[in-house]
Every structure is written in structure tokens, then in C-alpha cells.
Amino acid sequence: MAKPENNTQFLAQTPLYHIGVELKARFTSFGGWEMPVQYSGITQEHQAVRNAAGMFDISHMGKFTLQGQNLISQLEKLVPSDLSRLQPGQAQYTVLLNEQAGIIDDIIIYYQGRENTDSEKAVIIVNAATTEKDKTWLLQHLDLDTIQFQDLSRDKILIAVQGPKATSHLQSFVSADLTPIKAFGHLETTIFGQPAFLARTGYTGEDGFEVMVDPEVGIKLWQSLYDAGVIPCGLGCRDTLRLEAAMALYGQDIDDNTTPLEAGLGWLVHLDTKSDFIGREILQQQKTVGVHRKLVGLQTQGRNISRHGYYVLSSGEVVGEVTSGTLSPTLGYPIALAYVSSQLATVKQELEVEIRGKAYPAVVVKRPFYRSKNRVTN
């Protein structure tokens, strides 16, 4: 099933789409999919995740499984992060880079270990809008004589259960004990007696899990969680949650023309422990001489909300641009991410944001804007 958008584009629908319709969710187009933007309301859903538990249909995201010889060493050449230290059941958030060290996409690589002495396994989750681009890039740069690549993007449901009560709700339906799993830990287990992949990851700044299962299992799990009181959440609050946690949104805060050092993702760049990888030369140069711009957190006064594309000013001159902004439901004041000139990217730096033709005071603040006390560490 698909619904036309502007009479020219057909949007894909996840297997949970009909449930959203039944719950009278508001839908929007996102990455080629028709996705719920909200169910009961963005603020209510946001607070449910911060204080109890919410669940998201994220089945639109790309889902790849890879298996074969020297898998990790082959992936090492495509990312700036040191993957060699990954143990089975661990994962790495990282970025695929082009030759200019621009970010093709931000991804998570879940290392599942070895099937035998020659074969390694991994799951890779990528952004919905970049699924085909990422797939093409990976297939171009992996040795397909030794690596088996499977695209499960349309075959599996992916549900994120997030919040301080997420684990206790989810545990009721999972055969394995979830308590020992650390942040970015993952495992294969069963839900309702059927195979399931679970990872202690998310995009909200709270504790929780992301669950990949077959459609019939996912539909049953969603309904069971709903009956247990877990609040359905849409893309609207997913955006406010991730922004409070200062997590980048691909296509806004990071893109093909942004390097991880510019984006404040230097912790993903392991130049000292890695050999050659795509984009290394550019990052080495930036590490040596510095970058011209940096992504910073901004707080504006009152309720003047900075939005994507608004100009950042200093002494009346344009010095940068807002990439993401909202009124934080948790903090009660406007927050934003913006690229500004490096010399102005220091905490407490006073700036301005141009909102509808008028300049409003803003100040550079530490990121993340919000840090949960409930998150499990590595």
C-alpha cells in the first residue's frame, strides 16, 4: 500500500501504519515514508518518554545484515572509528565518510561476533532517507566475494521502546534477561517465542531498547505494549527528545559537506589507533590546523524559537546558521544547534539569532542540553 504525495510521489508505509490510522495519528512524509508525527500530542508524548515509557515505530530505518571474512577490517576502511576493539554483543555509533571526510550518514554497527574462525556477523542500522545511498556505498567498497550483504529494510519491524520504565515493560515479553545489557549492548533472543534482535540504543537521551522482529511479531508486541500502558509516540517528540540530548539529525545538523570534527563528533575519530580509511587525510589536516566552523548549542531568551536556516549574528554580521531548534518541553526554554565560526564557538559566547527579521539575544551553552539520570552506561 502507498499513498500519493503531491500526486507524483508514492510514500511507503510500515507494517504498523494501520495501527496509527486506528489511533488517529497525524502523519507526515519523512524519508520517502508516511510516518506518524504525533498521536496524543508532542508534549504529552515527550513527557511520557522522559518520565515513564513511550514507543516509536522506526521501521522506516534501513536495516542491513552482513556476514563474511574480515568483515570488521573491511568496515574499518569506511569509518573513522576503531572497530577492532568491539567485542561480540557490543556496538559502535559512527559515520560513513566520503573522500572529503563529509558524512554520508551516521550509523550504528552492531557486532555479533564470529560464526566460525573465518566468518564475522554484524547488523547495521542506517537512516531512512539515506538507505539506498548507504547500501550503494557499502556494496561498492566491500568485497562481495567474501561478504554476504542482506537488506532487511522492508522485511522487518523496528520498534524503539524508550524511557525510565521501558525495560520493565519490554521485559514482560522477552525471554532473555535485559538487566545485564549495557548501553549499546545487544543480543538475539525471542519475543512470543519468535526470533528477535534487541539493542540498548535509542535516539531520545533516555534508557531503552530498539527491537527488530518480523512484522507479525512486531504488530503483536506493539499492541501488547500499548495494552500495558506504553504511550505511542511520533516523529514530532522524537525530534524534541533527540534535540534536548543534542543528537544530530542527518540532513540538518550533519550531511555530505560536514566533517565529524566540525559537527562535534571528534570522539568518533580515532586517528591514533587506526590505519588508513576514507577521509583520513582531510581529518588529519583539520586536526592539525583546526576547523573554520563548529556545531554549538544555543539558548535564546524568552520564547523566541530558533528554527532551521535562521542566521546567527555577531555584532550585526552573519557568523553562522541554525540547523535545528525547538522550545524544549523538559527545560521550558528555546534551544538550538547551529554552525558558527570557530572563534565564536566557546561556551558563554554571546550571539544573536535573526528571527523574522529581528535579532534576538542567544548564548552558546554546553551540550547536551539535557542529560538523563536514568541512562545505563557502557
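Residues numbered from 1 in each chain as written. Predicted model: local features only at pLDDT ≥ 70, side-chain atom pairs only at ≥ 80, totals over all residues. Heavy atoms only, no water.

Caption draft 1: Region of interest: the domain arrangement of the protein. With domains assigned, the protein is organised as domain 1 (14-59 + 153-243) and domain 2 (61-149). Computed from C-alpha atoms alone, the centre-to-centre distance between domain 1 and domain 2 is 24 Å. Across the contact, 18 residues belong to domain 1 and 18 residues belong to domain 2. Taking both partners together, domain 1 and domain 2 bury about 1,400 Å²; carbon and sulfur atoms supply 63% of that area. Its largest share of buried area at the contact with domain 2, domain 1 owes to Ser153, Phe184 and His186, together 40% of the area lost on that side. Across the contact surface, domain 1 and domain 2 share one salt bridge. Linking Glu188 and Lys121 is a salt bridge whose minimum nitrogen-to-oxygen distance equals 4.0 Å. One can count nine residue pairs in polar contact (both at pLDDT 80 or more) joining domain 1 with domain 2. (Domains from an automatic or database assignment. Contact = heavy atoms within 4.5 Å. Buried area = accessible area lost by both parts, 1.4 Å probe. Salt bridge = Lys/Arg side-chain N within 4 Å of Asp/Glu carboxyl O. Polar contact = N/O pair within 3.5 Å; in protein donor to acceptor, adjacent residues only side chain to side chain.)

Caption draft 2: Up close: the sheet that holds strand S8 (residues 103-114). With antiparallel pairing, the five strands of this open sheet are ordered in space as S7-S8-S9-S6-S10. Looking along the sheet, the strands with just one partner apiece sit at the ends: strand S7 (90-97) and strand S10 (147-151). Strand-to-strand, the axes of this sheet are offset by a mean angle of 25 degrees, without reference to chain direction. Examined bridge by bridge, strand S6 (residues 62-68) and strand S9 (residues 120-126) share seven bridges and lie antiparallel to one another. Note on S9: the bridge partner recorded for Gly62 is Val126. (Pairing = 2+ DSSP bridges. Helix = DSSP H or I, 4+ residues; strand = E, 2+ residues; numbered from the N terminus. Axes fitted to C-alpha atoms, helices over the stretch in contact; angles between N-to-C directions.)

Caption draft 3: Broad picture of the pattern of salt bridges. Summed over all chains, the structure comprises 13 salt bridges. Between Lys133 and Asp256 there is a salt bridge, with its nearest N and O atoms 3.2 Å apart. With Lys133 in helix H4 (residues 131-141) and Asp256 in the loop between helix H7 (235-244) and helix H8 (280-289), this pair connects stretches of sequence that are 123 residues apart. Judged by relative accessible area, which is 32%, Asp256 ranks as partly exposed. Across the pair Asp151 and Lys135 runs a salt bridge whose closest N-O atoms are separated by 3.3 Å. Placement of Asp151 in strand S10 and of Lys135 in helix H4 is noted, with a sequence separation of 16 residues between them. Overall, the relative accessible area of 23% leaves Asp151 in the partly exposed class. Three or more residues joined by partner-sharing salt bridges are found here, namely Arg50, Glu206 and Glu244. (Buried < 20%, exposed > 50% of the residue type's maximum accessible area, 1.4 Å probe, protein only.)

Caption draft 4: Inspection of the environment of Pro164 at higher detail. Along the chain, Pro164 turns up in the loop between strand S11 (157-162) and helix H5 (166-171). Note on Pro164: relative accessible area 31%, which makes it partly exposed. A sequence separation of 126 residues divides Pro164 from Gln38, and the C-alpha atoms of the two residues are 21 Å apart.

Caption draft 5: Region of the structure containing the sheet that holds S11. What the six strands build is an open sheet, ordered S12-S13-S14-S11-S5-S15; its pairing is mixed. Two strands bound the open sheet, and with one partner strand each, they are strand S12 (186-191) and strand S15 (231-233). Adjacent strand axes in the sheet meet at a mean angle of 30 degrees, parallel and antiparallel pairs treated alike. Taken together, the three bridges between strand S5 (residues 54-57) and S15 define a ladder with parallel strand orientation. Following the sheet pairing, Phe56 is matched in S15 by Cys233. Set on the sheet, helix H2 (residues 42-51) makes contact with S5, S11 and S15; between it and S15 the angle comes to about 120 degrees.

Caption draft 6: Representation of the environment of Ile181 within the structure. Along the chain, Ile181 falls in the loop between H5 and S12. Note: C-alpha distance between Ile181 and Thr377 (196 residues apart in sequence) is 9.7 Å. In this structure, Ile181 is in contact with His186, Leu187, Arg200, Phe209 and Val376, ignoring residues within four places of it in sequence.

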